[in-house]
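# Fold and geometry: a report
The chain contents come next:
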Amino acid sequence: MSKVYFSSYLKYYACWPELKTALVDLNIEYELLEGTNDIWVRDFMPLVSPEGRYIIYTYAPDYLRDKPKYITDGSKLMPDSPLIPKDLGLVLDGGNIIWKGKQVICTDKIFEENRNVDEVITRMTRTLDYSHLTFLPWDKHEPFGHVDGMVRFVDEKTVVMTNYCDFDVEFRQRLLSILGKKFTVKELHYDVDKPHKDNWAYINFLQVDDKFILPRLNALEDEQALEQIAEIFGVPKSNIRMVDIHTILRRGGGLNCISWNAAPEKLPVKLISPNMENAFSEEVLKAVIENKIGYELRPDFWEAFNDSFSYFWNEEVGLGNDVYEGDMQASICRQMMEKAIIVDHDFIDEICQIIQDFMMEIPGVFIE
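The sections below set out a description of the structure shown in this document. This structure is a prediction, so every number in the text was calculated from the model and none was measured. (Residues numbered from 1 in each chain as written. Predicted model: local features only at pLDDT ≥ 70, side-chain atom pairs only at ≥ 80, totals over all residues. Heavy atoms only, no water.)

### Thoughts on the pattern of salt bridges
Counted only if it meets this: What counts as a salt bridge is simple: a side-chain nitrogen of Lys or Arg found within 4 Å of a carboxyl oxygen of Asp or Glu. Per-residue accessibility, obtained with a 1.4 Å probe over protein chains only, is compared with the maximum for each type, and a residue is labelled buried under 20%, exposed over 50%, and partly exposed between these values. In this text, helices come from DSSP runs of H or I with a minimum length of four residues, and strands from runs of E with a minimum of two, each type numbered from the N-terminal end.
Tallied over the full model, the rule gives 15 salt bridges. Its salt-bridge partner being Asp198, residue Lys197 comes within 3.1 Å of it at the nearest N-O pair. Judged by its relative accessible area of 13%, Asp198 is buried. For Lys237, the salt bridge goes to Glu223, with nearest N and O atoms at 3.4 Å. Of this pair, Lys237 sits in the loop between helix 7 (221–233) and strand 14 (240–243) while Glu223 sits in helix 7, placing them 14 residues apart in sequence. On the accessibility criterion, Lys237 (43% relative accessible area) is partly exposed. A relative accessible area of 39% means that Glu223 is categorised as partly exposed. Put simply, Lys3, Glu29 and Glu31 are held in one network by salt bridges that share partners.

Below is the structure:
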């Protein structure tokens, strides 16, 4: 379980005692960040990749252009990590990106903040471990252009969308036409006669693993939201707490906005650099892959893939660098794309997983 951080300014908000109690009840470790200029830590703290690497960006939102005193440099506040941070090199708000495994979603506001569309896509693809990108239209009813008030990941193949079906059917259809091509879409819906004006905020929950904290609006939607989140994510209701955050909602944000999930202290499997000269040959590796996928690889594809894998293993791992789970796929995709080879990311992921499973059987290759 990763630690959750909040701005130290949150201590002065009416919601803090109840939020703190919810964190303790759910056994969620938390810490307060000193040195922030406002409470919206999600927007300025680094992104966290699936393997636990911090990714920094430029936090310079248009809505703070005339209020620079509220801009915080999150890169100066992030915890220590054995992984060297990456720089996305783009203007971004952390609330405008959600990431699960190899899937990334954000709104197209990022193109307004970074004028070169091709550069945005190239930088995001390379820096975010060659993840698959999905861009949603900016919901202009929300002035900040954030995605975390629209949709959240359940897993890499499933997302949950806020209750647009209750108040904006046309925009809902636009989102479904995009999301439905890649994901199973679960939708929140509230069966009430007089909807609460802030019922959008249930989607902006705080999640830590299988624990959730939702806003309590003291409205009929509260119990419906709790039941739907529990069902969609497959967790017991005992894993969910609700907190009155009306003082936060008045300022335009929710629970995800005021929280930041740090990288887990225990990082995933790490590759080490033993003497592998006689551990396996190119022929053996190719045979293992083809046996798993059930057909022969095209010679031109195998040549390009094997060259990229060999470089990764001999140069990146062989130099003694710390290389973590997910870096193999990113390295191979990067090299193949630089050679102008069309890359099927899902297929590369599959092959790399086969290689990793195979090497896990060789003593001394991987450590926990």
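### Focus: unusual backbone geometry
You will see that Asp209, though not glycine, has its phi angle at about 55 degrees, which is positive. With respect to the secondary-structure elements, Asp209 resides in the loop between strand 12 (206–208) and strand 13 (211–215). Since its relative accessible area comes to 45%, Asp209 is described here as partly exposed. The backbone of Asn218 shows a phi angle near 55 degrees, a positive value even though the residue is not glycine. For Asn218, the position within the fold is in the loop between strand 13 and helix 7.

### Structural notes on the packing of aromatic side chains
Heads up, the rule is: Only centres within 6.5 Å qualify two rings of Phe, Tyr or Trp (six-membered ring in Trp) as a pair; their planes then separate them into stacked at under 30 degrees, edge-to-face at over 60, and tilted for everything else.
Enumeration over the complete set of coordinates arrives at 17 aromatic pairs. Seen from their ring centres, Phe111 and Phe135 are 4.7 Å apart, and the 50 degrees between their planes marks the pair as tilted. Within this pair, whereas Phe111 is found in helix 3 (residues 109–113), its partner Phe135 is found in strand 8 (residues 132–136), the two being separated by 24 residues in sequence. Residues Phe153 and Phe183 carry aromatic rings whose centres are separated by 5.8 Å and whose planes lie at 75 degrees to one another, so their mutual orientation is edge-to-face. Residue Phe153 is located in strand 9 (residues 151–155), and its partner Phe183 is located in the loop between helix 6 (169–179) and strand 11 (184–187); the two are separated by 30 residues in the primary sequence. By way of ring pairs, the aromatic residues Phe301, Trp302, Phe305 and Phe347 are connected into one cluster.

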